[in-house]
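Spelled out, the chains give:
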Amino acid sequence: DRERAEVLKNISFRVKKGKTVALVGSSGGGKTTICHLLPRFYLCESGEIRIGDVNINNVSTETLREKIAVVQQDVFLFSGSVRDNIMYGAPNKTEEEMLAAAKRANIHDYIMTLPEGYETVIGERGVKLSGGQKQRLCIARVFLKNPPILILDEATSALDNTTEIMIQQALDELCVGRTTLVVAHRLSTIRDCDEILVLDSGVVVERGTHDELYALGGFYTKLVTSE
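Keep in mind that what you see is a predicted model, and the values were worked out from it rather than measured.

1. Describing the pattern of salt bridges
Here comes step 1: Applying the stated criterion across every chain yields a total of 5 salt bridges.
Here comes step 2: Between glutamate 119 and arginine 83 there is a salt bridge, with its nearest N and O atoms 2.6 Å apart. Placement of the pair is glutamate 119 in the loop between α6 (108-111) and α7 (131-145) and arginine 83 in helix α4 (residues 82-87), with a sequence separation of 36 residues.
Here comes step 3: Looking at glutamate 119, the relative accessible area reads 38%, which means it is partly exposed.
Here comes step 4: Among the salt bridges present, the one from glutamate 173 reaches arginine 104, with a minimum N-O distance of 3.0 Å. A residue pair is termed long-range when its members are at least 10 positions apart, and glutamate 173 in helix α8 (residues 161-175) and arginine 104 in helix α5 (residues 95-104) qualify at 69 residues.
Here comes step 5: Residue classification places glutamate 173 among the partly exposed residues on the basis of a relative accessible area of 33%.

So this is what it looks like as structure tokens:
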């Protein structure tokens, strides 16, 4: 319908391989919608999205999502063991690879304090874990999957400042060498991104690096100074 068709308007941008682009702007601007279009959670009603020279609509959903990992504010965990939750999406990985992923996500030491270690059942939606622990489990899952494309959709917005700093360090390592799309609520976390797109009501109103945008004294500058 008309309303859905106008969620995003004339959006066009390119993320070079291995680079990081951030999407910022007020709530409802279209940031998360863009993130959901890439793994085809939503279908484009017009235009196209390409990975390299391939239109994402020309490959299977399974093939597409093998190449993409998403880290969101609301982490998906199920009532199984810690091991099962990390291995989810990459069941053919080895024990050594799983342990290495947990260590890179800074969650291994905590797991070893649990009554049954990696075999500990974490409860439905990870109810036995804190927000930061859930995020680190999710990050371990992505390290294990090792996809070339990463989407961070307000991944730390529900965390306190101390926990956010710790999680951000793991996310920074996770981004290295991957093509990354970031939706950020705290602009301090995206100052070093290769490009920042500022969205308002489904339109890109500004684009550039942090320094370039801040110097404009426009929409982005207001967002930064209001933090």
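Structure's up, so let's keep going.
2. Thoughts on the sheet that holds strand β5 (residues 149-153)
Across a sheet, paired strands are connected by hydrogen bonds in the backbone, their directions being either parallel or antiparallel.
Here comes step 1: Taken together, the 6 strands give an open sheet; going across it, the order is β4-β5-β6-β1-β7-β8, and neighbouring strands pair in mixed fashion. In this open sheet, the two edge strands, each paired with only one partner strand, are β4 (68-72) and β8 (203-208). Direction aside, neighbouring strands of the sheet carry axes that sit 20 degrees apart on average.
Here comes step 2: Pairing of β5 with strand β6 (residues 179-183) involves 5 bridges; the strand directions are parallel.

3. Some details on the packing of aromatic side chains
Here comes step 1: Evaluated as defined, the whole model comprises 3 aromatic pairs.
Here comes step 2: Taking 6.3 Å as the distance between ring centres and 45 degrees as the angle between the ring planes, the aromatic pair formed by phenylalanine 76 and phenylalanine 78 counts as tilted.
Here comes step 3: Clustering of aromatic rings is evident, with ring pairs tying together Phe76, Phe78 and Tyr88.

4. Structural notes on the packing of α5 against α7
Here comes step 1: Packing of α5 against α7 leaves a shortest axis separation of 8 Å and a crossing angle of 130 degrees. In terms of their interaxial angle, α5 and α7 are classed as oblique. By crossing handedness, the relation of α5 to α7 is classed as right-handed. Residues Glu97, Met98, Ala101, Ala102 and Arg104 of α5 touch α7, and the partners they reach there are Ala140, Phe143 and Leu144.

The rules we used
- Position labels on residues start from 1 in each chain and follow its written sequence.
- Totals for whole chains, interfaces and linings use all residues, but because this is a predicted model, local features are given only for residues with pLDDT of at least 70 and pairs of side-chain atoms are given and counted only at 80 or more.
- For side-chain calculations, the full set of non-hydrogen atoms in the structure is used, while hydrogens and water are omitted.
- Salt bridges are defined by distance alone: a side-chain nitrogen of Lys or Arg within 4 Å of a carboxyl oxygen of Asp or Glu.
- Under the scheme used here, helices are H or I runs from DSSP no shorter than 4 residues and strands are E runs no shorter than 2 residues, and both carry numbers assigned from the N terminus.
- Burial status follows relative accessibility: with a 1.4 Å probe on protein chains alone, a residue under 20% of its type maximum counts as buried, one over 50% as exposed, and anything between as partly exposed.
- A pair of strands is labelled paired if DSSP reports no fewer than 2 bridges between them.
- Think of each axis as a best-fit line through the C-alpha atoms, taken over the contacting stretch in the case of a helix, with angles from 0 to 180 degrees between the N-to-C directions.
- Pairing of aromatic side chains here covers Phe, Tyr and the six-membered ring of Trp, requires ring centres within 6.5 Å, and sorts the geometry by plane angle: under 30 degrees stacked, over 60 edge-to-face, intermediate tilted.
- Oblique is the label for any angle not covered by the other classes, which are roughly parallel (under 35 degrees), roughly antiparallel (over 145) and roughly perpendicular (65 to 115).
- Helix crossings fall into two classes, left-handed where the near helix is turned counterclockwise from the far one by less than a right angle and right-handed where it is turned clockwise.
- Throughout, a contact is declared for two residues whenever any of their heavy atoms are within 4.5 Å.

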